[in-house]
Amino acid sequence: MKRLTAFWLSACFLCTISVQAQSFIPERDSSDISLFEYATKIPKRNNVFNLDLEMHASFNTFFTGHKLDEAAFRFNHIKIEATGEVNDRLFYWYRQNLNQGNESMDLENLPESIEYAMIGYRLNDKFTITLGKQDAAWGGFEYDLDPYAIYEYSDMNEYMDCYFTGVTLGYQPTPSQELRLQVTDNRIGSMEDTYGILPAGIEKPRAPLFYTFNWNSSYLDEILNLRYSATAGEQAKGKWMYMAWAGHNVCTGPFDGYFDVMYTRGSLDPLGILTELVPPSAENEEGPVCLRNIQYLSLVAEMNYRFHPKWNAFAKGMYETGSVYKAGDEEGELPDGKYRTAWGLQTGIEFYPMADENLHIFLTGTARFYNLTEKAKALCASIENTQRLSVGFIYKLPLY
């Protein structure tokens with residue numbers, strides 16, 4: 001009986017394909033046509049469910065201090081994404097990073113690999129509310145780009161967690177202006193997961209939350225675009241961190257570029273970069289104690305030149321500093337002043353063989369240079385310059 005049922009289901013499916021094959025399905029040269037539509041010749045009739053696979057793979061040659069360190073193939077990103085609109089008002093977004101583990105984190109009871117698990121509801125033409133795991137509503141254009149399309153992040157975006165569970169209220173008074181108020185967790189796991197070994201006397205806060213205000217706007221028919229944000233969050237009981245990010249984008253003709261300014265300061269080291277410079281002590285062989293009163297400044301600029309419909313050249317520069325903004329005598333406190341400066345340079349070329357930008361092949365070169373001040377060297381800190389050559393592909397494959 002089961003075999004007979006399977007036969008009739010298969011027959012019906014094949015008949016459906018033969019009938020639908022008469023429908024117009026264009027050649028699969030863009031993401032407008034999913035793999036399912038192309039293979040079955042059955043066009044999608046709604047936007048309730050969309051399934052995509054994001055891939056970023058490359059062959060990389062790593063150099064440390066101008067010496068070859070390693071040459072190997074690597075999958076930088078592979079993610080599965082499901083999105084859709086249940087109706088005109090209700091929508092959802094789920095995305096999971098398959099490069100990361102699935103161990104549940106203490107605070108949110110979700111694995112770090114889940115980046116989006118949210119639903120949204122359009123209250124009317126101007127107000128929208130989103131609930132669940134989502135990206136923090138921070139400013140800047142490097143941050144706003146899809147991670148699978150990034151070749152090298154600035155330190156600020158590389159070290160900062162950005163996907164948290166919470167709620168966002170969006171208000172769009174005009175098509176060119178958007179305001180967002182957001183409250184999310186400010187970590188996904190325990191304090192030790194986020195900050196490492198805690199200094200003496202540090203207690204967990206009752207509300208480990210981020211409070212963010214975000215303003216996005218565009219002018220001159222979207223030639224000039226801005227993304228600004230301000231954030232505050234309680235890291236530990238009575239210990240706060242603050243962030244102010246500003247992104248500026250100009251897009252005209254074949255030129256597209258942005259300039260971001262990102263500033264972060266925290267009673268506990270918000271990124272952990274300066275803490276990593278401190279060698280473990282005899283008392284703490286597991287690692288250094290999280291530093292206090294740390295601030296970071298990042299300046300990031302990128303310019304793209306689309307000199308041909310299928311070719312793009314780009315250059316990116318980064319300047320970043322890490323400092324102690326207030327000295328102290330408690331555990332984890334250092335003399336104030338600058339400790340670390342980092343420069344980043346990247347250039348590359350991209351080839352887009354298809355009608356859209358979903359698939360592109362790239363060749364990039366990246367160099368990172370570091371300078372430690374005498375204060376950092378007094379801690380026996382050291383860091384080497386690095387370079388990387390990469391060739392690979394990036395593809396957001398629409399499965400359904």
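Residues numbered from 1 in each chain as written. Predicted model: local features only at pLDDT ≥ 70, side-chain atom pairs only at ≥ 80, totals over all residues. Heavy atoms only, no water.

Section: unusual backbone geometry
The phi dihedral of His-66 is positive, around 70 degrees, even though this residue is not glycine. Within the element layout of this structure, His-66 appears in the loop between strand S1 (50-64) and strand S2 (67-85). Here the phi dihedral of Leu-220 falls at roughly 55 degrees; this positive angle occurs in a residue that is not glycine. Structurally, Leu-220 is set in the loop between strand S8 (209-219) and strand S9 (224-236). Taking the relative accessible area as the measure of exposure, Leu-220 reaches 64% and is therefore exposed. (Helix = DSSP H or I, 4+ residues; strand = E, 2+ residues; numbered from the N terminus. Buried < 20%, exposed > 50% of the residue type's maximum accessible area, 1.4 Å probe, protein only.)

Section: empty space enclosed by the protein
It is a probe the size of a water molecule, rolled over the atoms, that shows where empty space is left. For the coordinates displayed, the defined rule picks out 1 cavity of 30 Å³ or more. In this structure, the largest cavity occupies an estimated 40 Å³ of space. Around the largest cavity, the lining residues are Asp-155, Met-156, Leu-271, Tyr-296, Leu-297, Ser-298, Glu-320, Thr-321, Gly-322 and Arg-340. Listed by contribution, the elements that provide at least two residues to the lining of the largest cavity are helix H4 (155-159), strand S12 (292-308) and strand S13 (311-324). Each residue belonging to the lining of the largest cavity can be placed in one class, and the counts come to 4 nonpolar, 3 polar and 3 charged. (1 Å grid on protein atoms, 1.4 Å probe; cavity = no way out; pocket = protein on both sides within 12 Å on 5 of 7 lines; lining within 4 Å. Points joined across faces, edges and corners; volume = space filled by probe spheres on them. Nonpolar A, V, L, I, M, F, W, Y, C, P; charged D, E, K, R; others polar.)

Here we look at the layout of surface pockets
The volume enclosed by the second largest pocket comes to roughly 680 Å³. Taken together, 26 residues line the second largest pocket, and the ones lying closest to its centre are Leu-145, Glu-302, Asn-304, Tyr-352 and Glu-357. Contributing elements (two or more residues each) for the lining of the second largest pocket: helix H3 (141-144), strand S11 (255-268), S12, S13 and strand S14 (337-351). Within the lining of the second largest pocket, the residues separate by chemical class into 10 nonpolar, 7 polar and 9 charged.

Focus: the confidence of the model for the protein
Residues at a pLDDT of 70 or more form 91% of the protein, whose mean pLDDT is 89. Counting interchain partners and residues more than four positions distant, the pLDDT-below-50 stretch residues 1-28 has 24 contacts. (pLDDT = per-residue confidence, 0-100. Contact = heavy atoms within 4.5 Å.)

Some thoughts on the packing of aromatic side chains
By the definition in use, this model includes 19 aromatic pairs. Note on Trp-138 and Tyr-143: the rings are 5.5 Å apart at their centroids and 40 degrees apart in plane angle, and the pair reads as tilted. For Trp-138, a relative accessible area of 1% gives the class buried. When its relative accessible area of 10% is taken as the criterion, Tyr-143 is described as buried. Look at Tyr-305 and Phe-307: their rings are 6.1 Å apart centre to centre, the planes differ by 45 degrees, and that puts the pair in the tilted class. Of the residues examined, Tyr-305 reaches a relative accessible area of 36% and is grouped as partly exposed. Members of the aromatic cluster, connected to one another through ring pairs, are Trp-138, Tyr-143, Phe-164, Phe-210 and Trp-245. Over the aromatic face of Tyr-325 sits the side chain of Arg-265, whose NZ or CZ is 3.7 Å from the ring centroid. Directly above the ring of Tyr-352 sits Arg-306, whose terminal nitrogen or CZ lies 4.2 Å from the centroid. (Phe/Tyr/Trp six-rings, centres within 6.5 Å; stacked < 30°, edge-to-face > 60°. Lys NZ or Arg CZ within 6 Å of the ring centre and 35° of its normal.)

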